[in-house]
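Structural description and commentary
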Amino acid sequence: MLIYVLFPFAVLIPGLLLCSKKAGNTGRALYCAYFGALVCALETLRFDVGTDYLAYKRIYEDMLWNPEWVHTSRLEKGYYVLQNILANRFYDYRIMFGVVAFIFAFAVAFWMYRYSSYPPLSGVGFVMYGIMFYSCNFLRQFFAAVIMLYAFEALKKKDLLRWVALVLFAACFHWSALIMIPFFFIMHIRLQPVLLAVYGIAATFILVYSWNILGLIRDFYERFDMHSSYLYEQDMNVTKGISLFYFFGYALLFIIAFMFRNKLYEKNKDNIIYMNCLLFVVLFDLWGCKHSIISRFDLFFVMPAILGLCPDIAECASEFASEHIKQKYVAKGIACTALLCAATYFYGSMIAKNGNGCTPYFSWLQFAKVPESTISQIAETEAPAETTVTDEDYDEDEAWEEENEEWIDDYWENEENWS
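This section reports on the structure supplied with the text.

About the criteria used
Residues numbered from 1 in each chain as written. Predicted model: local features only at pLDDT ≥ 70, side-chain atom pairs only at ≥ 80, totals over all residues. Heavy atoms only, no water. Helix = DSSP H or I, 4+ residues; strand = E, 2+ residues; numbered from the N terminus. Buried < 20%, exposed > 50% of the residue type's maximum accessible area, 1.4 Å probe, protein only. Patch = residues over 30% accessible without salt bridge, like charges linked within 9 Å, V, L, I, M, F, W, Y side chains within 5 Å. Areas by Shrake-Rupley, 256 points an atom, 1.4 Å probe, with all protein chains shown as cover. Salt bridge = Lys/Arg side-chain N within 4 Å of Asp/Glu carboxyl O. Phe/Tyr/Trp six-rings, centres within 6.5 Å; stacked < 30°, edge-to-face > 60°.

**Examining unusual backbone geometry**
Cis rather than trans, the peptide bond between threonine 359 and proline 360 has omega equal to -5°. Locating proline 360 in the fold gives a position in the loop between helix 19 (328-352) and helix 20 (372-379). Even without glycine at this site, phenylalanine 138 takes up a positive phi of about 45°. Residue position: phenylalanine 138 is located in the loop between helix 7 (131-134) and helix 8 (139-156). With a relative accessible area of 13%, phenylalanine 138 lands in the buried category. With a phi angle near 55°, asparagine 354 is a residue other than glycine that sits in the positive phi range. Tracing the backbone through its elements, the reader meets asparagine 354 in the loop between helix 19 and helix 20. The exposure class of asparagine 354 is partly exposed, given its relative accessible area of 33%.

Set out below in structure tokens:
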């Protein structure tokens, strides 16, 4: 776990040097490139890190053994186009994870370079508020979330046509992105106490009557002969909720941001949008405490909220502390320590509770001196049978792990010998 403990420092400390006023734009560009390379390396070298790792590994291998499957699967074609291109050129599925990691890391680093008011704090927020762990999972939906991160630039300019076009493009990677269309009109509303109270009442109503609402959505689906396992009681993503720390962690950051809302609005008008994004992260995670599947919608809001707000929240907190404490550096130290404690609570909870299956961190470098036959025995799964593969096969990771329990146990028992 040492790599996770040191990673926030590896992100922050070089940023303090490279993003100083003296370093200028060159230092800013160097830091963002460094940040992207660091995140890309961590995610590329991972092995079986992330709940969805094995599922996406099998998807890639199915493209190798049965490339025609792309024409019969109902899963989004945007992701399969990328998979198909890679599968036609590379046999090793680790190439796929490396390419995906590069795309995600480059997209986030470039956004930080262009739009963040202070990239080092955006980078630390990306790590400590779980976004890095999210990018190791939900690959299709995270592709959509990255597209939506840039779509928010169209929303800032109130360009509805471009917003809709980017939402439709994001839906090519994950259909859930379609819910973002109406948010074009919601995101520009300035959050104030009265409006927040209205949102709170509505959120409570939805939470209490969630089963009834899901029933109405299920009836709508069935009326048009559509089906989704996520709408039925048999799916554990519906019956079980996420850990409460997700809600409390984001809610704590939102409370701090809401306290400084007027200063945030004065500092940057885009913070009106970012504040709304953070609110909906909190709301979706609140509902997700009852039905975990709902929490996944927060992926479309969490990146603009964290990357955009964290630097300005820190600055506003420092200004507030300076107004009440004469010693300037003491005031800034207190403000930064308070925000760091809030981020550490979330980051520590995610590591301790194995959020999204990202702990412990395990790298392919640990296999460097292991014979190729041993590596293949551990890393390679049995080739899929030449039958039609259904989408439900990729929602049954637990069943797959039970079926292969014997070699998985053997793998972990002999981990020390291999490393």
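From this point on, the discussion continues.
**A short note on a nonpolar patch on the surface**
On the surface, Phe205, Val208, Tyr209, Ile213 and Ile217 cluster together to form a nonpolar patch covering roughly 460 Å² of accessible area. Along the polypeptide, valine 208 turns up in helix 11 (residues 193-208).

**Here we look at the packing of aromatic side chains**
In total, this model carries 43 aromatic pairs according to the counting rule given. For the ring pair tyrosine 129 and phenylalanine 346, a centre distance of 5.5 Å and an interplane angle of 40° mean the geometry is tilted. Taken together, the residues span a long stretch of sequence, with tyrosine 129 in the loop between helix 6 (119-128) and helix 7 and phenylalanine 346 in helix 19 at a distance of 217 residues. Residue classification places tyrosine 129 among the buried positions, given a relative accessible area of 3%. Note on phenylalanine 346: relative accessible area 0%, which makes it buried. When the ring of phenylalanine 183 is compared with that of phenylalanine 301, the centres are 5.0 Å apart and the planes differ by 70°; the resulting orientation is edge-to-face. Here phenylalanine 183 is found in helix 10 (residues 183-186), whereas its partner phenylalanine 301 is found in helix 18 (residues 299-324), with 118 residues between them in sequence. Exposure class is identical for phenylalanine 183 and phenylalanine 301. Each is buried. Each member of the aromatic cluster is reached from another via a ring pair, and the members are Tyr56, Tyr79, Tyr80, Phe104, Phe142, Phe143, Phe169 and Phe173.

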